[in-house]
Amino acid sequence: PVEHLGTHAYVLRSFAQPGHDLLAGVEAVVLDAPFRHMVTPGGYTMSVALTNCGRLGWTTDPSGYRYTAQDPLTGRPWPAMPSAFAQVARAAARAAGFDSFEPDACLVNRYLPGARLSLHQDKDELDYSAPIVSVSLGMAATFLFGGKTRSEPTAKVHLRHGDVVVWGGEDRLRYHGVAPLKDVPHPLLGAQRINLTFRKAG
Ligand code: MD3
Ligand code: FE
């Protein structure tokens, strides 16, 4: 069942079967590159904790947002992207009509109750023609999907464990965010939401 959020934005309900490989992949990534709270250029510490895997990882610090090949916390390359991650990202992109998506970056966001992501655009990637694929794990979240300017109204979409969203084309630069997470623990993951965001960054 595919829902449309926009002309090139698709919700694939329960597309990921996250019982096994995906959760093991998150555990492996976090052992090498732990979750941490980064500081934005505006001086705010993000309520969302993050880490990355793949060749490039998204980071922020007081001097700006960027993709790096090394984890600034350890100086080591980001952990490799687990094969189960790349497989679900490619399959979801294909199901939404993007045939040869090869992500080089996977941002792993962790939301505890109350964590939120304010409205923003994803503009740090070199190539806006590739789609972005997002996999939701654990607690449900209300995703906010806006327009091409910050002031346009937002639509709300409830994203649950296993839901995958694919964004591309003219929807790639829409404003989006996540409302403060409600504390409704998930049977497998407990009181957290983990979101995998796959991108072609470099
Ligand atoms: C809509 N993360 O890390 S991913 C982010 O649930 C981010 O953690 C959210 O936004 C999360 O930047 C949502 C989904 C997403 C990614 C890119 C988009 C939605 C998008 C680009 C355009 C429109
Ligand atoms: Fe984003």
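Everything discussed here concerns the structure shown above.
This section reports on the structure supplied with the text. (Residues numbered from 1 in each chain as written. Chains lettered and ligands numbered in written order. Predicted model: local features only at pLDDT ≥ 70, side-chain atom pairs only at ≥ 80, totals over all residues. Heavy atoms only, no water.)

Focus: the sheet that holds strand β10 (residues 155-159)
Alright, step 1. The sheet built from 4 strands is open, its strands ordered β7-β12-β9-β10 with antiparallel pairing. Strands at the two margins of the open sheet, each flanked by one partner only, are β7 (117-120) and β10. Across the sheet, the mean angle from the axis of one strand to that of its neighbour is 20 degrees, orientation sign disregarded.
Alright, step 2. Alignment of strand β9 (residues 141-145) against strand β12 (residues 176-178), held across 3 bridges, turns out to be antiparallel. When the sheet's bridge partners are listed, Phe-145 is paired in β12 with His-176. (Pairing = 2+ DSSP bridges. Helix = DSSP H or I, 4+ residues; strand = E, 2+ residues; numbered from the N terminus. Axes fitted to C-alpha atoms, helices over the stretch in contact; angles between N-to-C directions.)

Describing the sheet that holds strand β11 (residues 164-167)
Alright, step 1. Reading across from one edge, β1-β2-β11-β8-β13-β6-β3 is the order of the 7 strands in this open sheet, with antiparallel pairing throughout. Lying at the two open borders of the sheet, with one neighbouring strand each, are β1 (2-6) and β3 (49-53). Taken pair by pair, the neighbouring strands of this sheet meet at an average axis angle of 20 degrees, ignoring direction.
Alright, step 2. Strand direction decides the pairing type here: strand β8 (residues 132-138) and strand β13 (residues 193-199), joined by 6 bridges, are antiparallel. In the strand pairing of β13, Gly-138 is matched with Arg-193.
Alright, step 3. Running over the sheet, helix α1 (residues 21-32) touches β3, β8 and β13 and is turned about 100 degrees from β3.
Alright, step 4. Against the sheet, helix α2 (residues 83-95) contacts β2 (9-12), β3, β6 (105-111), β8, β11 and β13, and its axis sits at roughly 120 degrees relative to β8. (Contact = heavy atoms within 4.5 Å.)

Some remarks on the site of ligand 1
Alright, step 1. Lining the immediate surroundings of ligand 1 are 20 residues, of which Tyr-111, Trp-167, His-176, Arg-193 and Arg-199 lie closest.
Alright, step 2. One nitrogen or oxygen atom from the side chain of Asp-122 is found 3.3 Å from an oxygen atom belonging to ligand 1.
Alright, step 3. At 2.9 Å from an oxygen atom of ligand 1 is found a side-chain nitrogen or oxygen belonging to His-176.
Alright, step 4. Its free accessible area being 500 Å², ligand 1 has 97% of it covered by the protein chains.
Alright, step 5. If you map ligand 1 onto the pockets, it falls in the largest pocket.
Alright, step 6. Residue assignment for the shell around ligand 1 shows that the elements contributing at least two residues are β6, β7, β8, β9, β12 and β13.
Alright, step 7. Per element, the largest residue contribution to the shell around ligand 1 is 4 residues, and it comes from β13.
Alright, step 8. Grouping the amino acids of the shell around ligand 1 by side-chain chemistry returns 8 nonpolar, 6 polar and 6 charged. (Near = heavy atom within 4 Å. Polar contact = N/O pair within 3.5 Å; in protein donor to acceptor, adjacent residues only side chain to side chain. Areas by Shrake-Rupley, 256 points an atom, 1.4 Å probe, with all protein chains shown as cover. 1 Å grid on protein atoms, 1.4 Å probe; cavity = no way out; pocket = protein on both sides within 12 Å on 5 of 7 lines; lining within 4 Å. Sits in = over half its atoms within 2 Å of the grid points. Nonpolar A, V, L, I, M, F, W, Y, C, P; charged D, E, K, R; others polar.)

Honestly, it's all geometry; don't read function into it.
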